[in-house]
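So you can see what is in the structure, the chains are spelled out below.
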Amino acid sequence: MQNIYTWIGFLAALFSVFAYVRLAKLVTNPSSDVAPNPASWLVWLAVDGSIFVSSLAAGVTTTMAVFAVYTIGCLVIVVLVFRTGKIEWKPFDVVCLVTSAIAFVAWKMTGDPKIAIYLNIAVATAGTVPTIAQGWLTPEQEDLRVWQYFLAGGFVNLFAVEKWDFVNGAPPVAVFILQVLLLSAVFLGKRKAKLEVG
């Protein structure tokens, strides 16, 4: 039988599904300017998958519906972005992906999922920087509604944390903070662009 925290986690995941469906539609729409940063999305795919697996191994379940959706959703977005052919690799992107792989290997070697969670939060933070910059510098490439859905899901997922310790609480809190930064960058970037035009 599912407890209330699990149901809250499912509700949080639903907001994320809305975000991914909207983003996928925008990415595949030829008239849309939305172009997700491939570096961020590849990093998030690796990190979310690693957090999902390592957190489950640590016994975390109530907040993992969101991370399952993140992993699947990131995979879909990465495939769609690669299909557009607009891929630009930077050394920083490779470093983030390699660090995520190291986090996974470190967890497997030590058997301590906390190590993977520590490293993946650091990698997720670094991997978010390209999209924050894109939201501020070229806000037309980001969709405000998508990030509002993600932020809503991240906020609701905080209430799905059943036990407030590092393993249970750190991933949802870290993701929520990054979503606040992303939404703020996109919102302020779009506002700045309007003022420049006006």
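Cut-offs and rules
- Residues numbered from 1 in each chain as written.
- Predicted model: local features only at pLDDT ≥ 70, side-chain atom pairs only at ≥ 80, totals over all residues.
- Heavy atoms only, no water.
- 1 Å grid on protein atoms, 1.4 Å probe; cavity = no way out; pocket = protein on both sides within 12 Å on 5 of 7 lines; lining within 4 Å.
- Points joined across faces, edges and corners; volume = space filled by probe spheres on them.
- Helix = DSSP H or I, 4+ residues; strand = E, 2+ residues; numbered from the N terminus.
- Contact = heavy atoms within 4.5 Å.
- Core = buried A, V, L, I, M, F, W, Y, C linked by side-chain atoms within 4.5 Å.
- Buried < 20%, exposed > 50% of the residue type's maximum accessible area, 1.4 Å probe, protein only.
- Phe/Tyr/Trp six-rings, centres within 6.5 Å; stacked < 30°, edge-to-face > 60°.
- Lys NZ or Arg CZ within 6 Å of the ring centre and 35° of its normal.

Asker: Before we go on, may I ask you to explain empty space enclosed by the protein in this structure?
Answerer: Empty space left among the atoms is revealed by rolling a probe the size of a water molecule over them. Applying the stated criterion across every chain, the model contains two cavities of 30 Å³ or more. The calculated volume of the largest cavity comes to roughly 210 Å³. Lining the largest cavity are 16 residues, with Trp 44, Asp 48, Tyr 70, Val 175 and Gln 179 positioned closest to its centre. Listing elements by their share of the lining of the largest cavity, those giving two or more residues are α2 (38–57), α3 (64–84), α5 (113–137), α6 (144–158) and α7 (166–197).

Asker: Whenever I open this one, the side chain of Thr 131 confuses me. Can you help?
Answerer: Examined against the element boundaries, Thr 131 turns out to sit in helix α5. Look past the residues within four positions of Thr 131 in its chain and what remains in contact with it is Asn 37, Ser 40, Trp 44, Glu 142, Trp 147 and Leu 182.

Asker: It is not clear to me how the nonpolar core should be interpreted in this structure. Could you clarify?
Answerer: Buried together is how nonpolar side chains tend to be arranged in soluble globular proteins. Ranked by size, the top nonpolar core spans 47 residues in total, and within it Tyr 20, Leu 23, Trp 41, Tyr 70, Ile 77, Trp 147 and Phe 150 carry the most contacts. Listed by contribution, the elements that provide at least two residues to this core are α1 (4–28), α2, α3, α5, α6 and α7. Broken down by element, this core gets its largest block of residues, eleven residues, from α3. Residue contacts for Leu 23: discarding those within four places in its chain leaves Val 34, Pro 36, Trp 41, Ile 77 and Val 146.

Asker: Please clarify how the packing of aromatic side chains should be interpreted in this entry.
Answerer: Under the criterion given, the structure shown has 15 aromatic pairs. Look at Trp 44 and Trp 147: their rings are 6.0 Å apart centre to centre, the planes differ by 75 degrees, and that puts the pair in the edge-to-face class. Pair noted here: Trp 44 is in helix α2 and Trp 147 is in helix α6, with a separation of 103 residues, a long-range link. There is no split in this pair, since Trp 44 and Trp 147 are both buried. For the ring pair Phe 155 and Phe 159, a centre distance of 5.2 Å and an interplane angle of 75 degrees mean the geometry is edge-to-face. Here Phe 155 falls in the partly exposed class, since its relative accessible area comes to 41%. Aromatic rings pair up to connect Tyr 20, Trp 41, Trp 44, Phe 67, Tyr 70, Trp 147 and Phe 150 into one cluster. Positioned above the aromatic ring of Trp 136, the side-chain terminus of Lys 192 is 4.7 Å from the ring centre.

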